[in-house]
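Listed below, chain by chain, are the residues.
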Amino acid sequence: MTAPDGATEISRGEHDLPDVSSLTVGVLGGTGDLGSGLAYRLAKAGQRVVIGSRSVERAEAVAAELGLGVRGADNAAAAAAGDIVIIAVPWDGHRAILQSTRRALAGKVVIDCVNPLGFDKQGAHALKPDEGSAAQEAAALLPDSHVTAAFHHVSARLLLDGEAEQIDTDVMVLGDSRAATDIAQALACRIPGMRGIFAGRLRNAHQVESLTANLISVNRRYRAHAGLRVTDV
């Protein structure tokens, strides 16, 4: 099996994952809480990270705050710079950012962590895109990319907490390419305490994205930053 360009292929056992430590990660929407939190944790683990924003000045300012060698750029430049690119924009900007960076993302592993949610007086509730999920919308808009879905249930507040040494949670990874999901899993495993767990093909992404609404309810009731653990794996 051939890995997407830039990943080092290794002999594979049931749980073997590729070495992604030398790859650059671009984070589109990297000035938001989740994007900057993932950037901080990955950079802290030794990953090269470029965060993108609609404003170069905003991206550079947040990158300076994060430190750890994180660089700031506009979204197009961050997409071009990344070997792996994380999509962490708000749902209402999802389609536009993918359309504008489609060419730069061709041939790359794209990790979509966008949750289509609505909010009303009863709290958070899941939305269902026409394609079925945000990840499937990404796959439709980026036919030349290796689209995966991951990082939906990670607390941005914990990611940005400099006193938290580990992020004790599992990350459910979905995708239609084994090589691409292996890379997404390996990237999650770079963060201490975190595991990437394969959770099915992109057609199953809707329920994973939707579960975020339930976790928001858990967090509000228990004043927590809940994540997930998959047992017996």
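This write-up is about the structure you can find in this document.

Definitions and limits used
Residues numbered from 1 in each chain as written. Predicted model: local features only at pLDDT ≥ 70, side-chain atom pairs only at ≥ 80, totals over all residues. Heavy atoms only, no water. Helix = DSSP H or I, 4+ residues; strand = E, 2+ residues; numbered from the N terminus. Rg over C-alpha atoms; globule rule 2.2 N^0.38 Å. Buried < 20%, exposed > 50% of the residue type's maximum accessible area, 1.4 Å probe, protein only. Pairing = 2+ DSSP bridges. Axes fitted to C-alpha atoms, helices over the stretch in contact; angles between N-to-C directions. Contact = heavy atoms within 4.5 Å. Expected span 1.5 Å × (residues − 1). Arc of directions from axis to C-beta. Core = buried A, V, L, I, M, F, W, Y, C linked by side-chain atoms within 4.5 Å.

1. Focus: the overall build of the protein chain
Moving on, step 1. Broken down by element type, the protein chain carries eight helices and ten strands.
Moving on, step 2. Taking 17 Å as the expected radius of gyration for a compact globule of 233 residues, we find that the protein chain reaches 16 Å, a close match to that expectation.
Moving on, step 3. C-alpha atoms of the protein chain, sized along the principal axes, occupy 45 × 45 × 40 Å.
Moving on, step 4. The buried share among the 233 residues of the protein chain stands at 51%.

2. Some details on unusual backbone geometry
Moving on, step 1. A positive phi angle, near 65°, is found at Phe-151, a position not held by glycine.
Moving on, step 2. Along the chain, Phe-151 turns up in the loop between strand S8 (146-149) and helix H6 (156-159).
Moving on, step 3. For Phe-151, a relative accessible area of 0% gives the class buried.
Moving on, step 4. Of note, Arg-223 is a non-glycine position whose phi angle comes to about 50°, a positive value.
Moving on, step 5. Residue position: Arg-223 is located in the segment after helix H8 (205-222).

3. Brief notes about the sheet that holds strand S1 (residues 24-28)
Moving on, step 1. Taking strand neighbours across the sheet as the criterion, the eight strands line up as S3-S2-S1-S4-S5-S8-S9-S10 in an open arrangement whose pairing is mixed. Pairing within the sheet leaves two strands with one partner each, and these edge strands are strand S3 (71-74) and strand S10 (194-198). Neighbour to neighbour, the strand axes of the sheet diverge by 25° on average, direction disregarded.
Moving on, step 2. Relative to strand S2 (residues 48-53), S1 is paired through five bridges, and the arrangement is parallel. Residue Thr-24 lies in a different strand from S2, and its bridge partner there is Arg-48.
Moving on, step 3. Along the sheet face, helix H1 (residues 33-44) touches S1, S2 and strand S4 (84-87) and points at about 165° away from the line of S2.

4. Points about helix H4 (residues 94-105)
Because an α-helix completes one turn every 3.6 residues, residues spaced three or four positions apart along the sequence face the same direction.
Moving on, step 1. If you check H4, its first and last C-alpha atoms are just 14 Å apart, much less than what twelve residues at 1.5 Å a residue would give, namely 16 Å.
Moving on, step 2. Among all positions of H4, only His-94, Ile-97, Leu-98, Thr-101 and Leu-105 are buried. Angular distribution of buried residues about the axis of H4 spans 100°; they occupy a single face of the element. Exposed residues pointing more than 90 degrees away from the buried face of H4 are listed as Ser-100 and Arg-103.
Moving on, step 3. Buried residues belonging to H4 abut S1, helix H3 (75-81), S4, strand S5 (109-112) and helix H5 (134-141).
Moving on, step 4. Trailing H4 by a residue or two, Gly-107 shows a phi angle of about 80°, which is positive.

5. Here we look at the nonpolar core
Moving on, step 1. Of all hydrophobic cores here, the largest spans 38 residues; its most connected members are Ile-51, Ile-86, Ile-111, Phe-151 and Met-194.
Moving on, step 2. Contact partners of Phe-151, with chain neighbours within four places excluded, come to Leu-34, Leu-38, Ile-86, Ile-111, Cys-113, Val-171, Met-172, Ala-188 and Met-194.
Moving on, step 3. Membership of the second largest hydrophobic core comes to 24 residues, among which are Ile-87, Leu-98, Ala-134 and Val-208.

6. Quick word on the side chain of Gln-185
Moving on, step 1. Note on placement: Gln-185 falls in helix H7 (residues 178-189).
Moving on, step 2. Overall, the relative accessible area of 10% leaves Gln-185 in the buried class.

7. Some details on H1
Moving on, step 1. Here H1 contains twelve residues, and its C-alpha end-to-end distance of 16 Å stays within 8% of the 16 Å for a straight helix at 1.5 Å per residue.
Moving on, step 2. Most of H1 sits inside the fold, with ten of its twelve residues counted as buried.
Moving on, step 3. If you check which residues of H1 are buried, you get Leu-34, Gly-35, Ser-36, Gly-37, Leu-38, Ala-39, Tyr-40, Arg-41, Leu-42 and Ala-43.
Moving on, step 4. Turning to H1, the residues buried within the fold contact S1, S2, helix H2 (56-66), S4, H6 and H7.
Moving on, step 5. Following H1 by one or two positions, Gly-46 adopts a phi angle in the positive range, close to 105°.

All we've got here are geometric facts, nothing functional implied.
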